[in-house]
Amino acid sequence: MSSRIEQIIEEIEEYVDSCKFQPLSTTKIVVNKEEIEELLRELRLKTPDEIKRYQKIISNKDAILEDAQARADAIIADAQAKAQELVTQHEIMQKAYAQANETVNEANRTAQQILDSATEDANGIRLSAITYTDDLMANIGSVVTQTLEDAGGRYKVFMETLQSCLDVVNQNRQELAPQTAQAAAISNSYQDGVTEEEEIPEN
């Protein structure tokens, strides 16, 4: 069963796939800011819990090793008890010592095998948890990077549009400049004529 954080990542991927492309673009898409922020917000909230869960799995390594050590100690203690029994008997002492040593050696080998197996299992669990967490963080980073790239693309398009409008305005002003100068000259000439008429003395 997949975790909630995996479900959220799938939802983000499905949402990104469902978004429409920007006009005249086959790589940039248009996203709803509120929807993507809501998914990312839930992802941020769920991520610490998910990491804690896998930290708990990693911590089980110690429990596995402790259990293996306890089982190994019990086997050794039982073997030593049997060896002591054989030694204290009045039957062939040499044979008893040989059997006792073999029993202890076999117990030590079995205990070491249990410890090696437990260590391998614990390391496997730890590596799987770390790998999964790293993949999870990589997916989150990919989604955030894609979101930042999309936002940067929209900002670039907005700036290019403003620059285009400014260029049109400046071009129109340049086209009007001769007419503006001519109108100003006519206005100045008219004002000069009115001034001269006002200064003519009356008869």
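Notes on the structure follow. Because the structure is predicted, anything quoted here is derived from the model rather than measured.

**A short note on the overall build of the chain**
So, step 1. In terms of regular secondary structure, the chain is built from 3 helices and 0 strands.
So, step 2. Counted from the first residue to the last, the chain has its helices and strands arranged as α-α-α.
So, step 3. The C-alpha radius of gyration computed for the chain amounts to 43 Å, which surpasses the reference 17 Å derived for 203 residues by more than 25%, pointing to a less compact arrangement than a globule.
So, step 4. Along the three orthogonal principal directions, the C-alpha set of the chain runs to about 165 × 35 × 25 Å.
So, step 5. Counting across all 203 residues of the chain, residues that qualify as buried make up 19%.
So, step 6. Sequence separation of 24 or more characterises 73% of the internal contacts of the chain that already satisfy a separation of 6 or more.
So, step 7. About 15,300 Å² of surface is accessible on the chain, with carbon and sulfur atoms providing 54% of the total.
So, step 8. Charge-centre separation for the chain: the mean point of 19 positive side chains lies 11 Å from the mean point of 38 negative side chains.

**Structural notes on unusual backbone geometry**
So, step 1. Residue Leu24 is not a glycine yet carries a positive backbone phi of 65 degrees.
So, step 2. Note that Leu24 resides in the loop between α1 (4-18) and α2 (33-88).
So, step 3. With a relative accessible area of 93%, Leu24 lands in the exposed category.

**Focus: a negative patch on the surface**
So, step 1. Taken together, Glu10, Glu13, Glu14 and Asp17 make up a surface patch of like negative charges.
So, step 2. Mapping Glu10 onto the fold places it in helix α1.

**Looking at the pattern of salt bridges**
So, step 1. Taken as a whole, this structure holds 6 salt bridges when the rule is applied.
So, step 2. Asp67 is paired through a salt bridge with Arg71; the nearest N and O atoms lie 3.9 Å apart. Placement of both Asp67 and Arg71 in helix α2 is noted, with a separation of 4 residues, approximately one turn of the helix.
So, step 3. A relative accessible area of 42% means that Asp67 is categorised as partly exposed.

What counts, and where the lines are drawn
Residues numbered from 1 in each chain as written. Predicted model: local features only at pLDDT ≥ 70, side-chain atom pairs only at ≥ 80, totals over all residues. Heavy atoms only, no water. Helix = DSSP H or I, 4+ residues; strand = E, 2+ residues; numbered from the N terminus. Rg over C-alpha atoms; globule rule 2.2 N^0.38 Å. Buried < 20%, exposed > 50% of the residue type's maximum accessible area, 1.4 Å probe, protein only. Contact = heavy atoms within 4.5 Å. Areas by Shrake-Rupley, 256 points an atom, 1.4 Å probe, with all protein chains shown as cover. Lys, Arg positive; Asp, Glu negative; His and termini not counted. Charge placed at Lys NZ, Arg CZ, Asp CG, Glu CD. Patch = residues over 30% accessible without salt bridge, like charges linked within 9 Å, V, L, I, M, F, W, Y side chains within 5 Å. Salt bridge = Lys/Arg side-chain N within 4 Å of Asp/Glu carboxyl O.

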